[in-house]
Amino acid sequence: MKYFNENLIKGDKALADKIQMEKWVYQPDVPSNITTPVSEDFAAIDKIQQEWRTTGVKGLSQKIKSTNEKQHFIDYLPKDITAAEMAAIDTEFNFTKGGNFVIKRQWFAIAIRQQYKPAYPAIEQFMIATSRTGSLMTLYKEMVKIPDGKIWAKQIFEKAKSGYHATTVEAVEGLLK
């Protein structure tokens, strides 16, 4: 702070007040003078999110390409998405069978929540092959919220637990009690 004040602010009180460096360094939360970043790419995806139910999903995979863009798209799928809409999105993007780890985890969480059964075999395979506690807990937590989900979760856990880390086993067992 001394260097900052002596070499950058140089006694300019108005500049110091504008920057609020003391708040940035010593106070909790983000100061009010933060500049909110805006992403044109995410704004375009937000627009797609508002329109895809009307315009359809065909061709969206050509507009939404990067992992971050796909994550953003998945994160903002409507809570009331139907099985038919899930199937159309899955056909367009191949989220259930393709994609990377992060995309699959996010897609599978929604597939569980919406009880999109065509994804269930891939979800089980993913959960058996995965050892990341955070990702697994995300999926197990979604499973216990749906009808018969706890039974399904216990079946997967019995198949998978020998490949899980001890802390993961403990966390999942605690959730499934």
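On to the overall build of the protein. When helices and strands are tallied, the protein shows 12 helices and zero strands. In sequence order, the secondary structure elements of the protein are arranged as α-α-α-α-α-α-α-α-α-α-α-α. Against the globule reference of 16 Å for 177 residues, the protein gives a C-alpha radius of gyration of 22 Å, more extended than a compact globule. Along the first, second and third principal axes, the C-alpha atoms of the protein reach 65 × 45 × 25 Å. Evaluated residue by residue, the protein yields a buried proportion of 36% over its 177 residues. Put simply, 56% of the contacts in the protein that link residues at least 6 apart link residues at least 24 apart.

Turning next to the packing of aromatic side chains. On inspection of all chains with the given rule, the structure shows nine aromatic pairs. Residues F95 and W107 carry aromatic rings whose centres are separated by 5.1 Å and whose planes lie at 50 degrees to one another, so their mutual orientation is tilted. Taken together, the residues F95 in the loop between α7 (83-93) and α8 (101-113) and W107 in helix α8 connect sequence positions 12 residues apart. By relative accessible area, W107 is classed as buried at 0%. Taken together, the ring pairs in this structure connect F73, F93, F95, W107 and Y116 into an aromatic cluster.

Moving on, we get to the pattern of salt bridges. Summed over the entire model, instances satisfying the criterion amount to eight salt bridges. Residues D17 and K13 are paired through a salt bridge, measuring 3.2 Å at the closest nitrogen-oxygen approach. Of this pair, D17 and K13 are both found in helix α2 (residues 13-19), four residues apart, which corresponds to roughly one turn of the helix. Here K13 falls in the exposed class, since its relative accessible area comes to 58%.

Attention now goes to the nonpolar core. If you look at the biggest cluster of nonpolar residues, it comprises 43 residues, and the most contacted ones within it are W52, F73, I89, W107, I123, M127 and Y140. For this core, the secondary structure elements donating two or more residues are α4 (40-55), α6 (67-75), α7, α8, α9 (120-129), α10 (133-143), α11 (149-160) and α12 (166-176). Aside from chain neighbours lying at most four places away, what touches I123 is F108, A111, I112 and W152.

Viewed as axis vectors pointing N to C, α8 and α10 meet at an angle of 10 degrees, and their least axial separation amounts to 8 Å. Relative to α10, the element α8 is oriented roughly parallel. Along the contact surface, α8 presents F101, R105, F108, A109, I112 and R113, while α10 presents S135, T138, L139, E142 and M143. Residue classes in the contact of α8 with α10 are distributed as six nonpolar, two polar and three charged.

Calculation notes
- Residues numbered from 1 in each chain as written.
- Predicted model: local features only at pLDDT ≥ 70, side-chain atom pairs only at ≥ 80, totals over all residues.
- Heavy atoms only, no water.
- Helix = DSSP H or I, 4+ residues; strand = E, 2+ residues; numbered from the N terminus.
- Rg over C-alpha atoms; globule rule 2.2 N^0.38 Å.
- Buried < 20%, exposed > 50% of the residue type's maximum accessible area, 1.4 Å probe, protein only.
- Contact = heavy atoms within 4.5 Å.
- Phe/Tyr/Trp six-rings, centres within 6.5 Å; stacked < 30°, edge-to-face > 60°.
- Salt bridge = Lys/Arg side-chain N within 4 Å of Asp/Glu carboxyl O.
- Core = buried A, V, L, I, M, F, W, Y, C linked by side-chain atoms within 4.5 Å.
- Axes fitted to C-alpha atoms, helices over the stretch in contact; angles between N-to-C directions.
- Parallel < 35°, antiparallel > 145°, perpendicular 65-115°, else oblique.
- Nonpolar A, V, L, I, M, F, W, Y, C, P; charged D, E, K, R; others polar.

Read these as layout, nothing more, since geometry by itself doesn't imply function.
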